[in-house]
Amino acid sequence: MTATLDIATVQAFLLVADLQNFTRTAEALGTTQAAVSLKLQRLETLLGKRLVERSPRAVRLTADGATFLERARALIAAHDRALSGEASVAQSLSLGISDHAAGPELVPLLERLHAISSNLTLAVIIGFSREMQEAYDAGRLDAVIVRQEGSRRGGETLAEDEFGWFASRRFTVPKGQPLPLATLAPPCGVRAIAVRALDKAGLKWRERFVGGGVTAVVAAALAGLAIAPLARRIAPAGLVDVGPAHKLPKLGSSKVMLHSKVSDPAKLGALRAVAATFRSVAAV
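Let us look at the structure shown here. (Residues numbered from 1 in each chain as written. Predicted model: local features only at pLDDT ≥ 70, side-chain atom pairs only at ≥ 80, totals over all residues. Heavy atoms only, no water.)

If you tally the helices and strands in the protein, you get 10 helices and 11 strands. In terms of overall dimensions, the protein has a C-alpha envelope of 85 × 40 × 30 Å along the principal axes. Once local pairs closer than 6 in sequence are excluded, the contacts in the protein between residues at least 24 apart make up 75%. Accessible surface for the protein amounts to roughly 14800 Å². Of this, 53% is attributable to carbon and sulfur atoms. (Helix = DSSP H or I, 4+ residues; strand = E, 2+ residues; numbered from the N terminus. Contact = heavy atoms within 4.5 Å. Areas by Shrake-Rupley, 256 points an atom, 1.4 Å probe, with all protein chains shown as cover.)

Set out below in structure tokens:
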């Protein structure tokens, strides 16, 4: 009897290859780490090849695993096309992401969403946490990834970010002058945290740069224009935390949360992959 590949097992292999972590893969699939391991063992037995190498720190593909990877992707793509059919109704997932929460996770998030749900139409909006939360509460978004603000409860924790005062290595503050800041405009919650901390410490400051997005704020800090309050996770390598050198107050931390009202299995699967990918990248 000819051996056949199980689609769910191949999908598990693809998640392990992308996330490089059995725990994150189990989260994405809504199952246990043991179940994922068993699927991979069965796949390796079926193929007669070792596909992954496991170590306490990481999971990596073997040479045979890397070879099988593209074939596995092709199989799942063909499977999805066969299921979709010309008459099927395209599904969409609307996701709002806080600009201060997006960071380096955005690219792998979109890659994972595309890989696991190639037939899903994605509508991704980046903005202030408060605006994303309001749109979600009003039913205009299926899910949001935002910073936890105020007394809001519920949701799924994806990461906990520590903040710092980031600037270019060549940045200097003229003696006796107010501290120049690069921030997003109100109602940015991170800006509010930074301003409250400076006012409480009795330190003078001025807005040197107001950006329409975190990318612009980071660019201003890299250019040496000002200091930017940023989460350590999203601060690029060209910036350093100058808080201790300038005796600036600590900014503390905040949680990045996923809120969802999705019930459709396909969308739920996509969001589980989003959560697992975010945790995997944020932990690096």
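This next bit is on the packing of helix H1 (residues 7-19) against helix H3 (residues 33-47). Look at H1 against H3: their axes get within 9 Å of each other, and the N-to-C directions meet at 110°. Here H3 runs roughly perpendicular to H1, going by the angle between their axes. Residues Ala8, Thr9, Ala12, Phe13 and Val16 of H1 form the contact with H3, whose own contacting residues are Val36, Lys39, Leu40 and Leu43. Split into classes, the residues belonging to the contact of H1 with H3 amount to seven nonpolar, one polar and one charged. (Axes fitted to C-alpha atoms, helices over the stretch in contact; angles between N-to-C directions. Parallel < 35°, antiparallel > 145°, perpendicular 65-115°, else oblique. Nonpolar A, V, L, I, M, F, W, Y, C, P; charged D, E, K, R; others polar.)

Let's shift gears to the pairing of strand E11 (residues 253-260). By the bridge criterion, five bridges tie strand E5 (residues 143-147) to E11 in an arrangement that is antiparallel. Bridge pairing in E11 links Val144 to His259. (Pairing = 2+ DSSP bridges.)

This next bit is on unusual backbone geometry. Cis rather than trans, the peptide bond between Pro186 and Pro187 has omega equal to 10°. Its location among the elements puts Pro187 in the loop between strand E7 (179-184) and helix H8 (189-200). Notably, Lys247 is not glycine yet its phi reads approximately 55°, a positive angle. Topologically, Lys247 is positioned in the loop between strand E10 (239-241) and E11.

On to helix H7 (residues 129-137), then. Each α-helix winds once per 3.6 residues, and so residues spaced three or four apart point in a common direction. Among the residues making up H7, those that are buried are Ser129, Met132, Gln133, Ala135 and Tyr136. Along the axis of H7, the buried positions cluster into a sector of 160°, meaning they face one direction only. Tucked into the core, H7 has its buried residues touching strand E3 (91-98), strand E4 (120-127), E5 and E11. A positive backbone phi angle near 85° is found at Gly139, which sits one or two residues after H7. (Buried < 20%, exposed > 50% of the residue type's maximum accessible area, 1.4 Å probe, protein only. Arc of directions from axis to C-beta.)

Right, let's get into the packing of aromatic side chains. As enumerated under the stated definition, the model contains one aromatic pair in all. For the cation-ring pair, Lys261 lies above Tyr136, with the distance from its terminal atom to the ring centre recorded as 4.3 Å. (Phe/Tyr/Trp six-rings, centres within 6.5 Å; stacked < 30°, edge-to-face > 60°. Lys NZ or Arg CZ within 6 Å of the ring centre and 35° of its normal.)

With respect to the helices and strands, Asp161 occurs in strand E6 (residues 156-168). A relative accessible area of 4% places Asp161 in the buried class.

This part covers helix H9 (residues 214-222). Among the residues of H9, those classed as buried are Val214, Val217, Val218, Ala220 and Ala221. Along the axis of H9, the buried positions cluster into a sector of 160°, meaning they face one direction only. Buried-residue contacts for H9 involve helix H5 (99-102), E6, E7, strand E8 (205-211), strand E9 (228-231) and E10. Trailing H9 by a residue or two, Gly224 shows a phi angle of about 85°, which is positive.

Mapped onto the secondary structure, Ala12 falls in helix H1. Residues Ala12 and Lys267 lie 255 residues apart in sequence; the distance between their C-alpha atoms is 17 Å. When sequence neighbours within four positions are dropped, the list of residues in contact with Ala12 reads Thr25, Leu29, Lys39 and Leu40.

A word on the side chain of Asp99. Take Asp99: it is sitting in helix H5. Despite being buried, Asp99 has no salt bridge partner; Arg147 is the closest side chain of opposite charge, sitting 9.6 Å away. Beyond its immediate chain neighbours, meaning those up to four positions away, Asp99 contacts Ile126, Gly127, Leu184, Gly213 and Val214. (Lys, Arg positive; Asp, Glu negative; His and termini not counted. Salt bridge = Lys/Arg side-chain N within 4 Å of Asp/Glu carboxyl O.)

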